[in-house]
Amino acid sequence: MTQYSKRMVIVHWLTLVLLFAAWYLGDTLSDATDESRATLAGYIVHGLVGGAVLLLTVARLFFRGKDGTPPAVGQGLMDKVAKGVHHFLYLVLFLLPVSGMMTIINSSVGRALLSGDASLLPKKDDFEQVFTHSVHETMVTVLIVLVAVHVLGAIKHQFVVKDGLLERMMLRRK
Ligand code: HEM
Ligand code: HEM
């Protein structure tokens, strides 16, 4: 096999789109909390989009096990780094949504959602004591760094090495 299966490709690019949406929604939510104007809908929409990332990641690992992956491009140091980055990306794709869900349980957001009472939602600084909120924030930063390294690697393969690696993650079959 020289390319990823079609369903692996679809989930890869769909995850990218959902991550952008979740990141934007999370940032908007955080700003709203700082100004004490967050809404229940804001948490529900962010949680659903982020939760979809978790579901897609579970599906993706299942597809990976069934369909396999194309053979490694090489055995050099950079190929090992790329593989390590892939594994860390999968780890963060789990820890990020799970820490978000734990934050809802560990803060007053859970009670606010269950009772439908937006006045119970955390206000500015209320998340400071919530450990999983710090984990969630840290995971966002880790994700940004890992994706940046990952994309730089893809750019290097495309424009410097010119080995057509990107085609392995494309729907068009060779
Ligand atoms: C995997 C995709 C996700 C991404 C990229 C993401 C991203 C973010 C970002 C950027 C923030 C703002 C952090 C800050 O600067 O304070 C945030 C906050 C938050 N996220 Fe997520 N998140 C994801 C999944 C989830 C899920 C699945 C849940 C819960 C079901 C969740 C719950 C929360 C909560 C409760 C906050 C705190 C909001 C606030 O500070 O007012 N997140 N998220
Ligand atoms: C513009 C953005 C992106 C580009 C150009 C890109 C490109 C690629 C390419 C070409 C591969 C195949 C590598 C190979 O055959 O060895 C790949 C694999 C992978 N990508 Fe991306 N990617 C992007 C964004 C993302 C994002 C946002 C994530 C997740 C947070 C991600 C996670 C992964 C993972 C985990 C693999 C390994 C798949 C496996 O072997 O199971 N990528 N990416």
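Residues numbered from 1 in each chain as written. Chains lettered and ligands numbered in written order. Predicted model: local features only at pLDDT ≥ 70, side-chain atom pairs only at ≥ 80, totals over all residues. Heavy atoms only, no water.

Concerning the coordination of the iron atom of ligand 1
Octahedral six-donor coordination of a metal ideally yields angles of 90 or 180 degrees, compared with 109.5 degrees for tetrahedral four-donor coordination. Within the protein, the iron atom of ligand 1 binds to His46 (NE2) and His136 (NE2); these donor distances fall in the range 2.0 Å. Around the iron atom of ligand 1 sit six donor atoms, and with donor-metal-donor angles ranging over 87 to 179° the site reads as octahedral. Of this pair, His46 sits in helix 2 (residues 40-67) while His136 sits in helix 5 (residues 131-161), placing them 90 residues apart in sequence. Its relative accessible area of 18% is what places His46 among the buried residues. A relative accessible area of 18% means that His136 is categorised as buried. (Donors = N, O, S within 2.8 Å, 3.2 Å for Na, K, Ca; no water. Tetrahedral: all angles 85-135°; square planar, octahedral: opposite > 155°, others 65-115°. Helix = DSSP H or I, 4+ residues; strand = E, 2+ residues; numbered from the N terminus. Buried < 20%, exposed > 50% of the residue type's maximum accessible area, 1.4 Å probe, protein only.)

Quick notes on the nonpolar core
Residues Val92 and Leu143 are the most contacted members of the largest nonpolar core, which totals 21 residues. Of all the secondary-structure elements, those providing two or more residues to this core are helix 1 (6-34), helix 2, helix 3 (77-106) and helix 5. Counting residues in hydrophobic clusters, the runner-up holds ten residues, among them Leu29, Ala32, Ala38 and Leu121. (Core = buried A, V, L, I, M, F, W, Y, C linked by side-chain atoms within 4.5 Å.)

Let's talk about the site of ligand 2
Close contacts around ligand 2 come from 22 residues, with His12, Arg64, Tyr90, His150 and Arg168 the closest. One nitrogen or oxygen atom from the side chain of Tyr4 is found 2.7 Å from an oxygen atom belonging to ligand 2. Taking Arg64, its side chain carries an N or O atom lying 2.4 Å from an oxygen atom of ligand 2. Considering only residue class, the shell around ligand 2 consists of 15 nonpolar, four polar and three charged. (Near = heavy atom within 4 Å. Polar contact = N/O pair within 3.5 Å; in protein donor to acceptor, adjacent residues only side chain to side chain. Nonpolar A, V, L, I, M, F, W, Y, C, P; charged D, E, K, R; others polar.)

Let's talk about the environment of Met169
Structurally, the position occupied by Met169 is in the segment after helix 5. Sequence-wise, Met169 and Gln3 are 166 residues apart; in three dimensions their C-alpha atoms are separated by 6.6 Å. Those residues in contact with Met169, other than ones at most four positions away along the chain, are Tyr4, Val9, His12 and Trp13. (Contact = heavy atoms within 4.5 Å.)

Worth remembering: the numbers are spatial, not functional.
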